[in-house]
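Chain and residue survey
Residues per chain, in single letters:
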2 protein chains.
Amino acid sequence: MTVKSSALLQTRCAVFGAGGFIGANLCLALQERVGRLVGFGRRAPPDALQNVEWVQGDFADPDAYDAALAGANAVIHLVGASTPASANTDMIADVMNNVVATLHFLDACRRHGVQRVIFVSSGGTIYGVPDVIPTPETYTPEPITAYGVSKLAIERYLSLYRHLHGLEYRALRVANPYGPFQSAAKGQGVVAAFMDKALAGQPIEVWGDGSVVRDYVYVADVVEAIIAAMSHDGPSRVFNIGGGRGHSLNELIGAISEAVGRPIQRTEKAARIIDAPRSVLDISRAQAELGWTPRTELSDGLARALAWRLGELAKVTAPV
Amino acid sequence: MTVKSSALLQTRCAVFGAGGFIGANLCLALQERVGRLVGFGRRAPPDALQNVEWVQGDFADPDAYDAALAGANAVIHLVGASTPASANTDMIADVMNNVVATLHFLDACRRHGVQRVIFVSSGGTIYGVPDVIPTPETYTPEPITAYGVSKLAIERYLSLYRHLHGLEYRALRVANPYGPFQSAAKGQGVVAAFMDKALAGQPIEVWGDGSVVRDYVYVADVVEAIIAAMSHDGPSRVFNIGGGRGHSLNELIGAISEAVGRPIQRTEKAARIIDAPRSVLDISRAQAELGWTPRTELSDGLARALAWRLGELAKVTAPV
């Protein structure tokens, strides 16, 4: 066992948004590696997390998560109460449920003596339409979605809490994560949506001509970045976490088609105003400082995501 | 009359925060120069603005300002519900009263067909502790006060509203304004505070050794920048508005002492964590694009500020 793992074993860790896509993957990875793990989620834990100590409640209600924070020295904040599309439709709700709720949360973290907060921010929306690709953390963020604006505001408040109150933090600007537990229904990304359509033999809807480039990162790699950030000690606090290169939607569709083993029908829709034409993160800071790098090729990640989805489908359709 | 002034005369203008420090100066300058002027303020208008059409109400209540927005094609948003010190003490109230209230306001502006919003942002706090002095608009803002974080968030939402809904805007990152109508009681800046103390023969409290450098800009110059921004047509939307150079607190105190004509006693207090050691704005973008430049030397501005304060004092002490 490495030195790093020993340090982790002393961590009493609380994961907020534990039942979600990244949260579920993170809890599965953490449960053997930290001294204590508490998950906080809006609903009962998914089946895979039945062994995780669980507190259920609404993130907008500070009283609800008091029990989850008690005794925790590291917390991971994965709660996202909106999607890039929904945030623009109701910016006020987005501010209330994300920014204001997080300020209440940081106050609670201070009260409970939490030492470090890891916040999963949005690498895909925070920079807006950058003219530097791949985009480094030093690029001035100019988000063009309310989703990105509120993530950025939260990063600033984290910096402020450190400055004013000594609450340490790391913010991970995660690109487009995909993999097990990603939900198509919750609008958590195109990979899940496209895969479900492909499995159902239905056509997928593509906004624009499919040339839009995104940075896809496999969720297990994101999880390793979060774990590295928990014990990171260095000058930087904000890290891009991406797959290391971009893929066009057309490439992604081709790769999914290959994984699924059948052609995918598509219908083209007009390009959306909230989409940047190209978003790829420069991950050299995370590679240098966190000693982290994405290890999963797109084809491998898609194969694993597919295997998980087939397993879920088998559960649903299995005779009782 | 210049072409610019003719264009201004067709403007139907609503000033929000009209009874405040910058607002009162702006209304006095605008009332002869625009087609229609409406002031919106929390209280009744100050005596000097008795001729300005006035709507009184709470900025946090959108119904309150409907009448002020009706028919306006340009609005100037000067409402600030907190100070750099108070915002840090209650960040949630700061977000609610500034960010959330402004989102409601922008929705109302859209409904009323407003063409342009001029927002007065904070040049003194938005950049944090910049390592480039004077600081240009392209410097990545990293505010170290909640006050700066919420101003920055509002700038981002303005950019978003333009992007999504075509609502044009300009954001002026104003340094440390001073001059007539500046209130010491409301914590609106050291010039008013120091001048009142000097006039009363009381010692002033100085945080730190007085070496802190700030960028003081006379309010009439700020008003001219706002008016220039109302009709500006160019690529930039965010402008630094400052005095063009920095002055240490010690220099400022010396200049006030000279204006008042007597020595000023001082008591030293520990430096505050929220103070950047040096804040001076690079105003070359505003000079190039707005055709604006600060015209008032510190000594002249202080003399005029003093004259105004003496006039106010005379009113208070005059026999009825």
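Since the model is a prediction, treat every value here as computed from it, not as a measurement.

Take the overall build of chain A next. Tallying secondary structure elements over chain A gives 11 helices and 13 strands in all. Taken along the three principal axes of its C-alpha coordinates, chain A extends 55 × 55 × 40 Å. Across the 320 residues that make up chain A, the buried fraction comes to 54%. Per element, the accessible surface of chain A, about 13,200 Å² overall, is 50% carbon and sulfur. Mean positive and mean negative side-chain charge positions of chain A (29 and 31 charges, respectively) differ by 2 Å.

Residues and elements named next belong to chain B. The element strand β6 (residues 168-174) is largely enclosed, with a buried count of seven among its seven residues. Burial along β6 is two-sided: Glu168, Arg170, Leu172 and Val174 and Tyr169, Ala171 and Arg173, pointing in opposite directions, are all buried. Sheet analysis places strand β5 (residues 116-122) next to β6, joined by seven bridges and oriented parallel. Looking at β6, one finds that phenylalanine 119 is bridged to alanine 171. In the classification by handedness, the crossover that spans β5, the intervening helix α6 (residues 146-165) and the parallel β6 is right-handed. Note that β6 and strand β11 (residues 238-241) share four bridges and pair parallel. Looking across to β11, one finds that valine 174 is bridged to isoleucine 241.

This brings us to helix α2 (residues 21-30) of chain A. Burial analysis of α2 of chain A places nine of its 10 residues in the buried class, the great majority of the element. Buried within α2 of chain A are the following residues: Phe21, Ile22, Gly23, Ala24, Asn25, Leu26, Cys27, Ala29 and Leu30 of chain A.

This brings us to the nonpolar core. Soluble globular proteins tend to bury their nonpolar side chains together. In terms of nonpolar packing, the biggest core is built from 82 residues, with Phe16, Val75 and Tyr157 of chain A together with Phe16, Val75 and Tyr157 of chain B touching the most fellow members. Leaving out residues up to four positions away in the same chain, tyrosine 157 of chain B has contacts with Met91, Asp94, Val95, Ala146, Val149 and Ser150 of chain A together with Val99, Leu103 and Leu106 of chain B.

So, about the interface of chain B and chain A. Counting from both sides, the interface comprises 31 residues of chain B and, opposite them, 31 residues of chain A. Buried surface at the junction of chain B and chain A, summed over both partners, amounts to about 2,600 Å²; 74% is from carbon and sulfur atoms. On the chain B side of the contact with chain A, Met91, Ile92 and Arg156 of chain B bury the most area, a combined 23% of that side's loss. At the boundary of chain B with chain A, the tally comes to three residue pairs in polar contact (both at pLDDT 80 or more). Taken together, the elements giving at least two residues each to the side of chain B that touches chain A come down to α5 (91-111) and α6 of chain B. Looking at the side of chain B that touches chain A element by element, the count peaks at 11 residues for α6 of chain B.

This part is about a negative patch on the surface. Residue and element names in this part refer to chain A. On the surface, a cluster of negative charge is contributed by Asp58, Asp61, Asp63 and Asp66. Positionally, aspartate 61 belongs in the loop between β3 (53-56) and α3 (62-69). Given a relative accessible area of 32%, aspartate 61 falls into the partly exposed group.

Residue and element names in this part refer to chain B. Spatially, seven strands are ordered β3-β2-β1-β4-β5-β6-β11 in an open sheet, and the strand pairing comes out parallel. Whereas interior strands pair on both sides, the edge strands pair on one side only; in this sheet they are β3 (53-56) and β11. Averaged over neighbouring strand pairs, the angle between their axes works out to 20° when direction is ignored. Here helix α2 (residues 21-30) sits on the sheet in contact with β1 (12-16), β2 (36-41), β4 (74-77) and β5, set at roughly 160° to β1. Lying over the sheet, α6 contacts β5, β6 and β11, oriented at roughly 160° with respect to β5.

All names here are of chain A. Between the first and last C-alpha of helix α6 (residues 146-165) there are 28 Å, a value that for 20 residues agrees with the 28 Å anticipated at 1.5 Å per step. Taken across its 20 residues, α6 has 15 buried, putting it largely inside the fold. Just downstream of α6, glycine 166 is the residue with a positive phi angle, here 75°.

Across all of its chains, the model carries 23 salt bridges over all chains by this definition. One salt bridge connects arginine 111 of chain B with aspartate 66 of chain B, and the closest N-O pair in it is separated by 4.0 Å. Here the residue arginine 111 of chain B occupies a position in helix α5, and aspartate 66 of chain B occupies one in helix α3 (residues 66-69), the gap between them amounting to 45 residues. Counted as one network, the salt bridges with shared partners bring together Glu168, Arg170 and Arg237 of chain A.

As recorded in UniProt, the feature "domain: NAD-dependent epimerase/dehydratase" (unreviewed entry) lies at residues 15-242 of chain A. From the first C-alpha to the last, residues 15-242 of chain A spans 21 Å; its make-up is 39% helix and 20% strand.

Turning to the relation of the copies chain B and chain A, a few remarks are in order. Turning chain B through 180° and shifting it by 0.0 Å along the axis lays it on chain A, with an RMSD of 0.0 Å. Classification of the inter-copy transformation places it as that of a two-fold axis. For chain B, the smallest separation between a C-alpha atom and the rotation axis is recorded for threonine 140 of chain B, amounting to 2.5 Å. Interface overlap between copies: 100% of the residues of chain B at the interface are likewise at the interface in chain A, consistent with a symmetric, same-surface contact.

Parameters and conventions
- Residues numbered from 1 in each chain as written.
- Chains lettered and ligands numbered in written order.
- Predicted model: local features only at pLDDT ≥ 70, side-chain atom pairs only at ≥ 80, totals over all residues.
- Heavy atoms only, no water.
- Helix = DSSP H or I, 4+ residues; strand = E, 2+ residues; numbered from the N terminus.
- Buried < 20%, exposed > 50% of the residue type's maximum accessible area, 1.4 Å probe, protein only.
- Areas by Shrake-Rupley, 256 points an atom, 1.4 Å probe, with all protein chains shown as cover.
- Lys, Arg positive; Asp, Glu negative; His and termini not counted.
- Charge placed at Lys NZ, Arg CZ, Asp CG, Glu CD.
- Pairing = 2+ DSSP bridges.
- Right-handed = clockwise from strand over helix to strand, strands pointing away.
- Core = buried A, V, L, I, M, F, W, Y, C linked by side-chain atoms within 4.5 Å.
- Contact = heavy atoms within 4.5 Å.
- Buried area = accessible area lost by both parts, 1.4 Å probe.
- Polar contact = N/O pair within 3.5 Å; in protein donor to acceptor, adjacent residues only side chain to side chain.
- Patch = residues over 30% accessible without salt bridge, like charges linked within 9 Å, V, L, I, M, F, W, Y side chains within 5 Å.
- Salt bridge = Lys/Arg side-chain N within 4 Å of Asp/Glu carboxyl O.
- Axes fitted to C-alpha atoms, helices over the stretch in contact; angles between N-to-C directions.
- Expected span 1.5 Å × (residues − 1).
- UniProt positions renumbered as here; feature names shortened; annotations may be inferred.
- Least-squares fit on C-alpha atoms with pLDDT ≥ 70 in both.

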